[in-house]
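# Fold and contact review
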Amino acid sequence: METLEFIIYPDGRVQEKVTGIVGTSCAEVTAAIEAQLGQVLTHEPTSEFFAVQVLQSNVANTQATYSDW
């Protein structure tokens, strides 16, 4: 489940936390929001940022060999 959490502090700072998005695509998801919020002071990537999405294939390769004797 993809979630974006925002904490708005009394001094106007906004903390954004993204969970459920694997890899660097979280930057694409949040780019428009960050552009509207203003200057980004820091980025702290989570372990999900560095994770690689694994795609599972349902294709099975089979090879039949027959003996000549």
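Residues numbered from 1 in each chain as written. Predicted model: local features only at pLDDT ≥ 70, side-chain atom pairs only at ≥ 80, totals over all residues. Heavy atoms only, no water.

### Structural notes on the pattern of salt bridges
Applying the stated criterion across every chain, the model contains 1 salt bridge. One salt bridge connects Asp11 with Arg13, and the closest N-O pair in it is separated by 2.8 Å. For Asp11, a relative accessible area of 55% gives the class exposed. (Salt bridge = Lys/Arg side-chain N within 4 Å of Asp/Glu carboxyl O. Buried < 20%, exposed > 50% of the residue type's maximum accessible area, 1.4 Å probe, protein only.)

### Considering the side chain of Thr30
With respect to the secondary-structure elements, Thr30 resides in helix H1 (residues 25-37). Separated by 3.0 Å, the side chain of Thr30 and the backbone oxygen of Cys26 make a polar contact. Setting aside residues up to four positions removed in sequence, Thr30 forms contacts with Leu4, Glu16 and Val18. (Helix = DSSP H or I, 4+ residues; strand = E, 2+ residues; numbered from the N terminus. Polar contact = N/O pair within 3.5 Å; in protein donor to acceptor, adjacent residues only side chain to side chain. Contact = heavy atoms within 4.5 Å.)

### Here's the deal with H1
Compared with an ideal rise of 1.5 Å per residue, which puts 13 residues at 18 Å, H1 spans 19 Å between its outermost C-alpha atoms and is within 8% of the ideal. At Ala31, H1 shows its strongest bend, of approximately 45°. Of the residues making up H1, those classed as buried are Cys26, Thr30 and Glu34. As for H1, its buried residues are in contact with strand E1 (3-8), strand E2 (14-19) and helix H2 (47-50). Positive phi appears at Gly38, one or two residues downstream of H1, with a value of about 125°. (Expected span 1.5 Å × (residues − 1). Bend = angle between axes of the 7 residues up to and from the residue.)

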